[in-house]
Each structure stands twice: as C-alpha cells, then as structure tokens.
Amino acid sequence: MAFTHRPDAPELPDFSMLKRLARDQLIYLLEQLPGKKDLFIEADLMSPLDRIANVSILKQHEVDKLYKVENKPVLSSNEQLCFLVRPRIKNMRYIANLVNTDKLAGRTRKYKVIFSPQKFYACEMVLEEEGIYGDVSCDEWAFSLLPLDVDLLSMELPEFFRDYFLEGDQRWINTVAQALHLLSTLYGSFPNCYGIGRCAKMSHELWRKLEEEEDGETKGRRPEIGHVFLLDRDVDFVTALCSQVVYEGLVDDTFRIKCGSVDFGPEVTSSDRSLKVLLNAEDKVFNEIRNEHFSNVFGFLSQKARNLQAQYDRRRGMDIKQMKNFVSQELKGRLIPKDYRSLKTQYLQSYGPEHLLTFSNLRRAGLLTEQAPGDTLTAVESKVSKLVTDKAAGRITDAFSSLAKRSNFRAISKKLNLIPRVDGEYDLKVPRDMAYVFSGAYVPLSCRIIEQVLERRSWQGLDEVVRLLNCSEFAFTDMTKEDKASSESLRLILVVFLGGCTFSELSALRFLGREKGYRFIFLTTAVTNSARLMEAMSEVKV
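Residues numbered from 1 in each chain as written. Predicted model: local features only at pLDDT ≥ 70, side-chain atom pairs only at ≥ 80, totals over all residues. Heavy atoms only, no water.

**Student:** Would you take a moment to explain the packing of helix H6 (residues 159-166) against helix H23 (residues 530-537) for this structure?
**Tutor:** Each pair of packed helices can be described by the angle between their axes along with the distance between the axes. At a minimum axis separation of 9 Å, H6 and H23 run at an interaxial angle of 50°. Here H6 is positioned oblique relative to H23, judged by the angle of their axes. Pair H6 / H23 crosses with right-handed handedness. Along the contact surface, H6 presents Phe161, Arg162 and Leu166, while H23 presents Leu533, Ala536 and Met537. Split into classes, the residues belonging to the contact of H6 with H23 amount to five nonpolar, no polar and one charged. (Axes fitted to C-alpha atoms, helices over the stretch in contact; angles between N-to-C directions. Helix = DSSP H or I, 4+ residues; strand = E, 2+ residues; numbered from the N terminus. Parallel < 35°, antiparallel > 145°, perpendicular 65-115°, else oblique. Left-handed = near helix turned anticlockwise from the far one by under 90°. Contact = heavy atoms within 4.5 Å. Nonpolar A, V, L, I, M, F, W, Y, C, P; charged D, E, K, R; others polar.)

Here it is in structure tokens:
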C-alpha cells in the first residue's frame, strides 16, 4: 500500500555530517568562555538545539544552568552568562537590560552573545546605543541546516516568509546563500541549477559569488547531487493554503509538527500527561503512511493493530477520527463587495482596529481580494476553491480568487493541467499522479513546475507559464559540464523552498520521484501550512 522509493533509486547523502559540524562549532563557541556558565536560550532555538546537542552534552562543556530568554527577572547567580539567540532587536534590549541592571548593582560578570545563524549590524548598533557593546563578546553560530529527516533539511526560520515576502527585508538572503555554499562544499558542486522568483534569483547570484571566491574547495570533487531547484513561496500561494489530506500534512494541520516532532496533549493520550513523538523515517509505521491519503490509513492501521500494543492502537485510532472531522470542515465562497465590507467591519469591531494592518498585509500579498462587479467563478475555480482553507482567519481569505486575478491562475491551471480530468472516481489507493495529495482534484502548482522544468532540463517551452506567473525576469537555468557527475547523482534533486513548504508538497514530489526514477531532497526555510501562513500576515500576535 505505502509507496517508498524505488529499489533502483539513488542513495541519499549522509546529512548527519551537518549535525556533527553544528555541534562541534557550538562546543567551540561555548569553550571560548572557559569555566562554569549559565546559558540563556531563545525559545525558537530550544527545539533545534535539542536535535543537535542535548542537555548532557552542554553539561559536559561546563554549562551549569539553562534559562529561557523571556521577559522575567533573571535569577542567575553565575559569574558568566552566555546568550544563544536569533539576531533580533528585542533580544538585544533584553540583554542590555540585564547587563545594565548588573552595572547599577555594581556587579561585574562576563557576557557572551552567540547569534544564530548569523549576527546583523543592526543588533550590534543596539548594543552600542545601550552602552554595553564593550561589555559583551559577540560570536556567530552558523547553524542554518537542521536535518529533520533523511531527505528534509530545515533552516528553521519561520520569520523568513514575513520578513522577505511582506516586509521586503532581504537580510536572510545571505543565510540561504551560505547554506547552499556549505552543501556544495560538503557534497560537491551542483551541475544543474534552476529557479523561479525574485528571492530565488538573488539567493542564486549571491551563492555563485561565494562559489567563485572559494572555487578551490569544490573543484575536482564529484557531485553527489545533480540538480538544485530554487522556488519562491509567492509563486504558489494556492497550494500552501489548501487543506492537507496526506497523513503527515493532516497531523501538522491538527497538532502542529514542530522541528520534526509533535506533542500530543492529554485529550489524545487519555492521561494527565502529554506525549512528544519524533516523526521521521526511523518510525517504520509512520514512514509507511506519512505520504498516504488519509482515507487509506484506516485500513492499514487496523491491519497493523494486531502487532501493536493496544494502547498505541487506541491512540492512533482516536487521532485519525479527530483529523478526519477536521478535514471535513472545508471553506467555500468568494467575497462580493457587500459581504467583504460587512465581514471587514464586523471583524474589526469584534477583534479590534489593529487588524486593519492585517487586512492590509493580506491585500499586499494578494491573499485577500474584493470581487469586482461582474466577476463569476468558473467550474474549475469552484473546484479548486473548495480546497482552499484558512483556519487562522475564518472566511476573510479566498486565496484562489485573488490569485485567479493577480497571477492568472485560470490560464496557468489550463496550461499545466493542474485540474486533472477524471472519468469516474479517482482511485486514491493507486494514485495516478500528484493530484492524489488533494484527493485527485488539484496538482500542486509548485510541484508541476518542478516536474516540467526537470523534464526539459530548462525553462524552454514554458515561456507563457513564466509570463503568467509574472516571473519573466526571475526564471533562470544555470548548467555546467556534467563530466564529473555520475548517472546516479543526476537522479538526485535538491528542491529549495524559500518562504516555506508544506508536507503535501513533499509527499507529491516523493511520489513524482518514485514514478520518474528521481530521488528528491528538500531544503526549506521552514515547514509551513495555511494557519502558519496566515499568522505571518497577522499584526496581532496571540
């Protein structure tokens, strides 16, 4: 039932090397502050850090106590304080307040700030403005590639989407370029590179500059990965906003998979304790069902139940029922001007005028559009709009209708056959194409683009699609000689999602790889879904 990679599929690179490199660098930085020290960790870094270096490893290198960076009085009595933080202004204010409080009390301590994945000039400026720049030492922990699974690397930068695609902040471009440079240094240069989107093009150009500056590092090394494809999230918003119905996507939409693991609360465990479960290929049962349409999972799990502990079986059964109920609640509809104004007024009156900025953000990103007089939905649009959901903001978003206007989605879907013509019922047990990840109704645009470019080894013949995507200036192909590339490496493809990817897209591309004899590796700035995408648009943080 479950599909895995083909027996003749190429072997994946060993990404455990990335973990070892990150751990060794962190240990080196901690040892720059010899002796016992307390470590303050930003909340966003706690889960990634746990995947790299657990508490026992930190203790071995003289970390005494661990604290979370939060807006509370600091109780540490240690004479050495180390801060592991993201390069954010609020973190600099937090550190400055702590150091200045010590100064007022006449207390002298050593302070070290470790920025991850890099430090920004703006942060150093804040430290200087606060009068503590000379009191702290600053370092970088270039940790930007976390292996979440055998084929999935994450930069764990959920803020990338908002920073770049909403605010136009390009500061993370260098981080992406450095990550790609590290991969090419460790696993050989990539003979073929494709991309679409402004961010993809800038990342590629900066990465190539880094390659030219340090050309000697990868020269002569046989490539392990034959192709790399960079894709901007705003090329395809529709897919990211669809209800996920493959098992792993469903778990993410319902329980939120964070850094490769999920926390099941008491309502699931039927006890007063929560249960944290790591979800990856090492879990054999999970690996067999992760890419399956949820309707196929019931029978599989009941068949497996005889071999599983009763408690485990009951928990799984309950999860699926809850998730099935969730998926059945799909949103429909397109907002006519009268309804749009009414909804906006009621929403602002109920939740506050500060959400005016949220509405503005949604319009700027093309995710909220008022229907123009005379506009009607075609049959194709109606079919796809049923897939679009936004549990974070209710009915205020109809991503499909806005993209139909701004991104010519109707014409694109026809050109790329995104809405399959099916005679009779779509067989979800034996999928015929990538549309199975959305119950046979829609092939993810992002995945179809990747499929078409790989078939052609270029954008040739896709000029009209690129024009309709408003990316004529930002679609590129960069091919070098394939003399050193083995036939096996040319079937390995690294897909880089800038702004986040969904588990549905991962499942679709894994399916494509099995059908075509490819093996896909994924690098994403973060894993996303419809709720996370909408939260990034919101100006009101819960």
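**Student:** Is there a simple way to explain H23 in this structure?
**Tutor:** Counting buried positions over the eight residues of H23 gives seven, a clear majority of the element. For H23, the complete set of buried residues consists of Ser530, Ala531, Arg532, Leu533, Met534, Ala536 and Met537. Elements in contact with the buried residues of H23: H6, helix H9 (237-240), helix H10 (247-255) and helix H16 (356-364). Where H23 begins, the side chain of Asn529 points an oxygen toward the backbone nitrogen of Ala531, at a separation of 3.2 Å. (Buried < 20%, exposed > 50% of the residue type's maximum accessible area, 1.4 Å probe, protein only. Polar contact = N/O pair within 3.5 Å; in protein donor to acceptor, adjacent residues only side chain to side chain.)

**Student:** I tried to follow the side chain of Gln452 on my own but got confused; where do I start?
**Tutor:** Here Gln452 lies in helix H20 (residues 445-456). We classify Gln452 as buried; its relative accessible area is 17%. With residues up to four places along the chain from it excluded, the contact list for Gln452 reads Leu416 and Leu462.

**Student:** For this particular structure, what's the right way to read the sheet that holds strand E9 (residues 227-232)?
**Tutor:** Hydrogen bonds along the backbone pair up the strands of a sheet, which may run parallel or antiparallel. Pairing is mixed across the open sheet formed by seven strands, whose spatial order is E6-E7-E14-E13-E9-E8-E12. Of all strands in the sheet, those with a lone pairing partner are strand E6 (146-149) and strand E12 (475-479), marking the two edges. When the angles between neighbouring strand axes are averaged without regard to direction, this sheet yields 20°. Here E6 runs beside strand E7 (residues 152-154); their pairing, made up of three bridges, is antiparallel. Residue pairing across strands places Pro147 opposite Leu153, the latter belonging to E7. The sheet strands contacting helix H22 (residues 503-516) are E7, strand E13 (492-498) and strand E14 (519-524), and the helix crosses E14 at an angle near 160°. (Pairing = 2+ DSSP bridges.)

**Student:** Just checking my understanding: could you explain a positive patch on the surface for this structure?
**Tutor:** On the surface, Lys68, Lys72, Lys258 and Lys276 cluster together to form a positively charged patch. Under the relative-accessibility criterion, Lys68 is labelled partly exposed at 39%. (Patch = residues over 30% accessible without salt bridge, like charges linked within 9 Å, V, L, I, M, F, W, Y side chains within 5 Å. Areas by Shrake-Rupley, 256 points an atom, 1.4 Å probe, with all protein chains shown as cover. Salt bridge = Lys/Arg side-chain N within 4 Å of Asp/Glu carboxyl O. Lys, Arg positive; Asp, Glu negative; His and termini not counted. Charge placed at Lys NZ, Arg CZ, Asp CG, Glu CD.)

**Student:** How should the sheet that holds strand E5 (residues 136-140) be read in this particular structure?
**Tutor:** Ordered by their spatial adjacency, five strands build an open sheet running E2-E1-E3-E4-E5, and the pairing between neighbours is parallel. Edge positions in the sheet fall to strand E2 (63-68) and E5, since each has one partner strand and no second. When strand polarity is set aside, the average angle formed by the axes of neighbouring strands in this sheet is 20°. Where strand E1 (residues 37-41) meets E2, four bridges bridge the pair, whose relative direction is parallel. The partner of Leu39 across the bridge, within E2, is Leu66. Where helix H2 (residues 43-52) meets the sheet, it contacts E1, E2 and strand E3 (80-85), and its direction lies at approximately 110° from that of E1.

**Student:** How should the pattern of salt bridges be read in this particular structure?
**Tutor:** Pairing between side chains of opposite charge can happen when the charged atoms of each approach one another. If you walk through the whole model with that rule in mind, you get 25 salt bridges. Where Asp169 meets Arg171, a salt bridge forms, and the shortest distance between an N and an O atom there is 3.4 Å. We classify Arg171 as partly exposed; its relative accessible area is 27%. If you follow the salt bridges from partner to partner, you end up with Asp149, Asp151, Glu248, Arg290 and Arg510 in one network.

**Student:** Even after reading the chapter, I still don't get the packing of H6 against helix H8 (residues 198-213), so can you show me in this structure?
**Tutor:** Relative orientation of the contacting elements H6 and H8 amounts to 100°, with a least axis distance of 11 Å. Our classification of the angle between H6 and H8 gives roughly perpendicular. Residues Phe160, Tyr164 and Phe165 of H6 form the contact with H8, whose participating residues are Arg198, Cys199 and Met202. Split into classes, the residues belonging to the contact of H6 with H8 amount to five nonpolar, no polar and one charged.

**Student:** So what exactly am I meant to see when it comes to the packing of aromatic side chains here?
**Tutor:** Geometrically, a pair of aromatic rings is defined through the distance of the ring centres and the angle of the planes. One pass over the full model with this rule turns up 19 aromatic pairs. Look at Phe40 and Tyr67: their rings are 4.9 Å apart centre to centre, the planes differ by 15°, and that puts the pair in the stacked class. Placement of the pair is Phe40 in strand E1 and Tyr67 in strand E2, with a sequence separation of 27 residues. Phe40 gets classed as buried once you look at its relative accessible area, which sits at 1%. Here the aromatic rings of Tyr518 and Phe520 are separated by 6.0 Å at their centres, their planes lie at 85°, and the arrangement is edge-to-face. When sorted by exposure, Tyr518 lands in the same class as Phe520, which is buried. In textbook terms, an aromatic cluster arises when at least three aromatic residues are bridged by ring pairs, as seen for Phe160, Phe161, Tyr164, Phe165 and Phe237. (Phe/Tyr/Trp six-rings, centres within 6.5 Å; stacked < 30°, edge-to-face > 60°.)

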